[in-house]
Amino acid sequence: MKTVRPFGVPMTRQPSPSLVIEPTANPTSAEARQALLANPVFGKVFTDHMVTVQHSNERGWYDAKLAAREDFVFSPGTTVLHYGLEIFEGLKAYRQAGGGVALFRPDANARRFANSARRLAMAPLPEDLFIEAVKAISDLDRDWIPEQDGASLYLRPFMLAADATLGLKPADQCLFSVIASPVAAYFKGGAAAVSLWVSDHFTRAAPGGTGDVKCGGNYAAAMVAQLEAGRQGCDQVVFLDAVERQWVEELGGMNVFFVFDDGSIQTPPLTGTILPGITRDSIIQLAMDKGLTVREERYSIDQWQQDAQSGRLVEAFACGTAAVVTPIGKVTGNRHDFTIGNGEGGEVTAMLKAALLDIQYGRSEDPHGWMVQLG
């Protein structure tokens, strides 16, 4: 099956407006900010500023600014509210061991963001403008990055269709924005192994759909399956393919990897129904750097159970921007019930997670030039 790897695909160049920076006249006080940073719940605390850029078919991209964060005011007829024309990204800014702040692979996010826009018939944002926007807000709001180990500044670039019309058509007007949220480590005290529920009834994506782009509708459609997993006492849902209902694809918001007793690792291929995760791509590269054999091949749920029970499969983990790398301990479903290894994770999972975090926090060399330093 054909594997699609988008991170090397160049973006179409478009003129970019200059980003005007207007710091807020009423910033959060240092005392109030430190109180908020003491133990920030993921996605609940926001920094003082936001980026906004407008687009219309007539004017192109215009009115790019970084200014005080404020609420949007929309017509109740705005297209995004009715037809879900919205895309987003997630990336982080990290405090570096030697001082300063750096972003992890924003160019990859910029390219994936443009791919998502094209799939939803929206205007692709120029790569240089995306990178300028996430760098600028990270720099201006760097005091919002928590000091504790494992903390970072989570950046949420997003774009929505802003036309005030109920007409079902591609967007004539779009709004691009970036907001920022200080976050602590996703799992306190280290990542405990998660349990998965195999969804037999619900699927995440089908061939020809939007499974390989980052649009809100993908995550909305996964909510009911996640609720099903919770009712079964599981932490996350794992989706199978929509055609044969046997091939493992991904979790509701993370890619999945399998580790075998010969030291090789495997992950489902990018065939159009799986999100091309940037953490996924980085893990593949780091594993190859360490001499591991990496396969991008289909893996059935029945084979997963058989291999786990025989001992051929020794570890499995999920990965994504928010949780980084998370071991998978147990898989349950209507037809499946098995534990992976000792149910607590393993050495390869821990090694790859540590290698990635060491690069992101500047504790080791960055051989692939992934980190973009802000100074």
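Refer to the structure above for everything that follows.
Figured I'd write up the structure that's included with this text. Note that the coordinates shown come from a computational prediction; the quantities given were computed from them, not determined experimentally.

### What to know about the overall build of the chain
Counting its secondary structure elements, the chain contains eight helices and 18 strands. Taking 21 Å as the expected radius of gyration for a compact globule of 375 residues, we find that the chain reaches 21 Å, a close match to that expectation. Overall size of the chain, expressed as C-alpha extent along the three principal axes, is 60 × 50 × 40 Å. Counting every position in the chain, which comprises 375 residues, the buried fraction comes to 52%. In the form shown here, the chain has an accessible surface area of approximately 16,100 Å², with 50% of it arising from carbon and sulfur atoms. For the chain, the centre of its 33 positive side-chain charges and the centre of its 43 negative side-chain charges are spaced 2 Å apart.

### What to know about the environment of valine 178
Looking at where valine 178 falls in the secondary structure, it is placed in strand β8 (residues 173-183). Given the relative accessible area of 0%, valine 178 is considered buried. Sequence spacing of valine 178 and tyrosine 94 is 84 residues, and the spatial spacing of their C-alpha atoms is 17 Å. Setting aside chain neighbours within four positions, we find valine 178 in contact with Met50, Val51, Ala133, Val134, Ile137, Arg156 and Pro157.

### Focus: the packing of helix α6 (residues 278-289) against helix α8 (residues 347-360)
It is at 10 Å that the axes of α6 and α8 come closest, and there the two elements cross at 110 degrees. In terms of orientation, α6 and α8 fall into the roughly perpendicular class. Contacts from Thr279, Ser282, Ile283, Leu286 and Ala287 of α6 reach α8 at Leu352, Ala355, Leu356 and Ile359. Across the contact of α6 with α8, the residue classes break down as seven nonpolar, two polar and no charged.

### Observations concerning the pattern of salt bridges
A full pass over the atoms with the stated rule returns 16 salt bridges. Arginine 95 serves as the salt-bridge partner of glutamate 147, at 3.8 Å between the closest nitrogen and oxygen. Of this pair, glutamate 147 sits in the loop between α4 (127-140) and β7 (152-161) while arginine 95 sits in strand β5 (residues 91-95), and the two are 52 residues apart along the sequence. Arginine 142 serves as the salt-bridge partner of aspartate 139, at 2.7 Å between the closest nitrogen and oxygen. Classification of aspartate 139 as partly exposed rests on a relative accessible area of 39%. A residue is classified by how much of its surface remains accessible, and arginine 142, at 21% relative accessible area, is partly exposed. One connected set of salt bridges, linked through shared partners, spans Asp107, Arg111 and Glu127.

### Comments concerning the pairing of β7
Most of β7 sits out of view: nine of its ten residues are buried. Taken together, the three bridges between strand β4 (residues 86-88) and β7 define a ladder with antiparallel strand orientation. Of the residues in β7, the one forming a bridge with glutamate 86 is leucine 160. By the bridge criterion, three bridges tie β5 to β7 in an arrangement that is antiparallel. What sits directly across from lysine 92, in β7, is tyrosine 154.

### Description of the packing of aromatic side chains
Applying the stated rule across the entire model yields 14 aromatic pairs. With centroids separated by 6.3 Å and ring planes inclined at 40 degrees, the aromatic side chains of phenylalanine 130 and phenylalanine 176 adopt a geometry described as tilted. Of this pair, phenylalanine 130 sits in helix α4 while phenylalanine 176 sits in strand β8, placing them 46 residues apart in sequence. Here the two residues phenylalanine 130 and phenylalanine 176 agree in accessibility, since each one is buried. Ring pairs connect the aromatic residues Phe258, Phe260, Tyr299, Trp304 and Phe338, which therefore count as one cluster. Geometry around tyrosine 62 places arginine 59 over its ring, the cationic atom sitting 3.7 Å from the centre.

### Looking at the pairing of strand β2 (residues 49-56)
The side chains of a regular strand alternate between the sheet's two faces. For β2, the tally of buried residues reaches seven of eight residues, placing the bulk of the element in the interior. Between β2 and strand β3 (residues 60-68), which pair antiparallel and follow one another directly, the connecting turn spans three residues. Strand direction decides the pairing type here: β2 and β8, joined by six bridges, are antiparallel. The residue bridging valine 51 from the neighbouring strand is valine 178, located in β8.

### Topic: the environment of serine 199
Tracing the sequence through the fold places serine 199 in the loop between β9 (194-198) and α5 (216-231). In this structure serine 199 comes out as buried when scored by relative accessible area, which is 2%. Each C-alpha atom, one on serine 199 and one on glycine 99, is 45 Å from the other, the two residues being 100 residues apart in sequence. For serine 199, the contacting residues outside a window of four places in its chain are Ala225, Glu228, Val237, Val238, Phe239 and Leu240. Looking at serine 199, its side chain comes within polar contact range of the main-chain nitrogen of phenylalanine 202, at 3.2 Å.

### Side note on the packing of helix α3 (residues 106-119) against α4
Between α3 and α4, the shortest axis-to-axis distance is 9 Å and the interhelical angle comes to 130 degrees. Comparing the axis directions of α3 and α4 gives the class oblique. The two elements α3 and α4 meet at a crossing, and its hand is right-handed. On α4, the residues that touch Pro106, Asp107, Asn109, Ala110, Arg111 and Phe113 of α3 are Glu127, Phe130, Ile131 and Val134.

### Some details on α8
With 14 residues, α8 should cover 20 Å at 1.5 Å per step; its first-to-last C-alpha distance of 20 Å lies within 8% of that length. The complete set of buried residues in α8 reads Val348, Thr349, Leu352, Ala355, Leu356, Leu357, Ile359 and Gln360. Positive phi shows up at glycine 362, right after α8, with a value of about 75 degrees.

Parameters at a glance
- Residues numbered from 1 in each chain as written.
- Predicted model: local features only at pLDDT ≥ 70, side-chain atom pairs only at ≥ 80, totals over all residues.
- Heavy atoms only, no water.
- Helix = DSSP H or I, 4+ residues; strand = E, 2+ residues; numbered from the N terminus.
- Rg over C-alpha atoms; globule rule 2.2 N^0.38 Å.
- Buried < 20%, exposed > 50% of the residue type's maximum accessible area, 1.4 Å probe, protein only.
- Areas by Shrake-Rupley, 256 points an atom, 1.4 Å probe, with all protein chains shown as cover.
- Lys, Arg positive; Asp, Glu negative; His and termini not counted.
- Charge placed at Lys NZ, Arg CZ, Asp CG, Glu CD.
- Contact = heavy atoms within 4.5 Å.
- Axes fitted to C-alpha atoms, helices over the stretch in contact; angles between N-to-C directions.
- Parallel < 35°, antiparallel > 145°, perpendicular 65-115°, else oblique.
- Nonpolar A, V, L, I, M, F, W, Y, C, P; charged D, E, K, R; others polar.
- Salt bridge = Lys/Arg side-chain N within 4 Å of Asp/Glu carboxyl O.
- Pairing = 2+ DSSP bridges.
- Phe/Tyr/Trp six-rings, centres within 6.5 Å; stacked < 30°, edge-to-face > 60°.
- Lys NZ or Arg CZ within 6 Å of the ring centre and 35° of its normal.
- Polar contact = N/O pair within 3.5 Å; in protein donor to acceptor, adjacent residues only side chain to side chain.
- Left-handed = near helix turned anticlockwise from the far one by under 90°.
- Expected span 1.5 Å × (residues − 1).

Function-wise, these values are silent; they only describe arrangement.
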